[in-house]
Amino acid sequence: MRFNGVMAMVMVQDIERATRFYCGLLGFTIQEEQEEWVIFQEGVGLSLSPDPVPDVNLAINAVLVTLVVDDVRAAYQELTQKGVAFMLPPTEDGTAVFAAFRDTENNLLQLMQTS
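Residues numbered from 1 in each chain as written. Predicted model: local features only at pLDDT ≥ 70, side-chain atom pairs only at ≥ 80, totals over all residues. Heavy atoms only, no water.

Remarks on the sheet that holds strand 7 (residues 96-102)
- Strands sit in the order 5-8-7-6 across an open sheet of four strands; the sheet is mixed. Looking at strand neighbours, the two that pair on one side only are strand 5 (64-68) and strand 6 (86-92), the edges of this open sheet. Neighbour-to-neighbour, the strand axes of the sheet open up by a mean angle of 15 degrees, direction not taken into account. (Pairing = 2+ DSSP bridges. Helix = DSSP H or I, 4+ residues; strand = E, 2+ residues; numbered from the N terminus. Axes fitted to C-alpha atoms, helices over the stretch in contact; angles between N-to-C directions.)

The following block contains the structure:
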């Protein structure tokens, strides 16, 4: 079996708000959209969650979307200036640099830069 690519679908409660976040703050480009989902050229999609998610249910956010960038520190500065609150500032682990934040729907995203 051979995979030709990977797309991460992120479940959201408010698709319009999440779309504004991904387009306006992260700079994603919409490839295709319908009333209940949006696909971005960057390989990430948003899908409207079928049921309201309780705030205490952390299992729904078990997905981690990793956004590969050339320079995590520069991306961190740019997004911080746009109002994105990071829970993990740029951190180096010897092979990569990471920084993590949450989107408007409380999904975990991270920036990653490899050597």
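Right, picking up where we left off after that structure.
Description of the environment of Ile30
- You can see Ile30 is positioned in strand 2 (residues 30-33).
- Between the C-alpha atoms of Ile30 and Gly45, which are 15 residues apart in sequence, the distance is 9.2 Å.
- When sequence neighbours within four positions are dropped, the list of residues in contact with Ile30 reads Thr19, Cys23, Val38, Ile39, Phe40 and Gln41. (Contact = heavy atoms within 4.5 Å.)

Here we look at the packing of aromatic side chains
- Under the defined criterion, the tally for this structure stands at seven aromatic pairs.
- For the pair Tyr22 and Phe40, a centre-to-centre distance of 5.8 Å together with 15 degrees between the ring planes defines the contact as stacked. With a gap of 18 residues between them, Tyr22 in helix 1 (residues 15-25) and Phe40 in strand 3 (residues 37-40) connect regions that are remote in the sequence.
- A relative accessible area of 0% means that Tyr22 is categorised as buried. (Phe/Tyr/Trp six-rings, centres within 6.5 Å; stacked < 30°, edge-to-face > 60°. Buried < 20%, exposed > 50% of the residue type's maximum accessible area, 1.4 Å probe, protein only.)

A look at the nonpolar core
- The biggest cluster of nonpolar side chains holds 25 residues, and the ones touching the most others in it are Tyr22, Leu26, Leu46, Leu67, Phe86, Phe101 and Leu111.
- At the level of secondary structure, the elements contributing two or more residues to this core comprise strand 1 (8-12), helix 1, strand 3, strand 4 (44-48), strand 5, helix 2 (72-81), strand 7 and strand 8 (108-114).
- Ignoring sequence-local partners within four residues, the contact set of Phe86 consists of Tyr76, Leu79, Thr80, Ala99, Ala100, Phe101 and Leu111. (Core = buried A, V, L, I, M, F, W, Y, C linked by side-chain atoms within 4.5 Å.)

Focus: the side chain of Asp103
- Among the structural elements, Asp103 can be located in the loop between strand 7 and strand 8.
- Among buried Asp, Glu, Lys and Arg side chains, Asp103 stands out as unpaired, with Arg102 the closest opposite charge at 7.0 Å.
- Within polar-contact distance, the side chain of Asp103 engages the backbone nitrogen of Glu105 at 2.8 Å.
- In this view, Asp103 contacts Val10, Phe21, Tyr22 and Leu109; residues no more than four positions away in its chain are not counted. (Lys, Arg positive; Asp, Glu negative; His and termini not counted. Salt bridge = Lys/Arg side-chain N within 4 Å of Asp/Glu carboxyl O. Polar contact = N/O pair within 3.5 Å; in protein donor to acceptor, adjacent residues only side chain to side chain.)

Section: the environment of Ile39
- On the secondary structure map, Ile39 appears in strand 3.
- Its relative accessible area of 12% is what places Ile39 among the buried residues.
- Spatially, the C-alpha atoms of Ile39 and Thr19 are 9.8 Å apart, while their sequence positions differ by 20 residues.
- If sequence neighbours within four positions are ignored, Ile39 has contacts with Met7, Met9, Thr29, Ile30, Gln31, Glu32, Val44 and Gly45.

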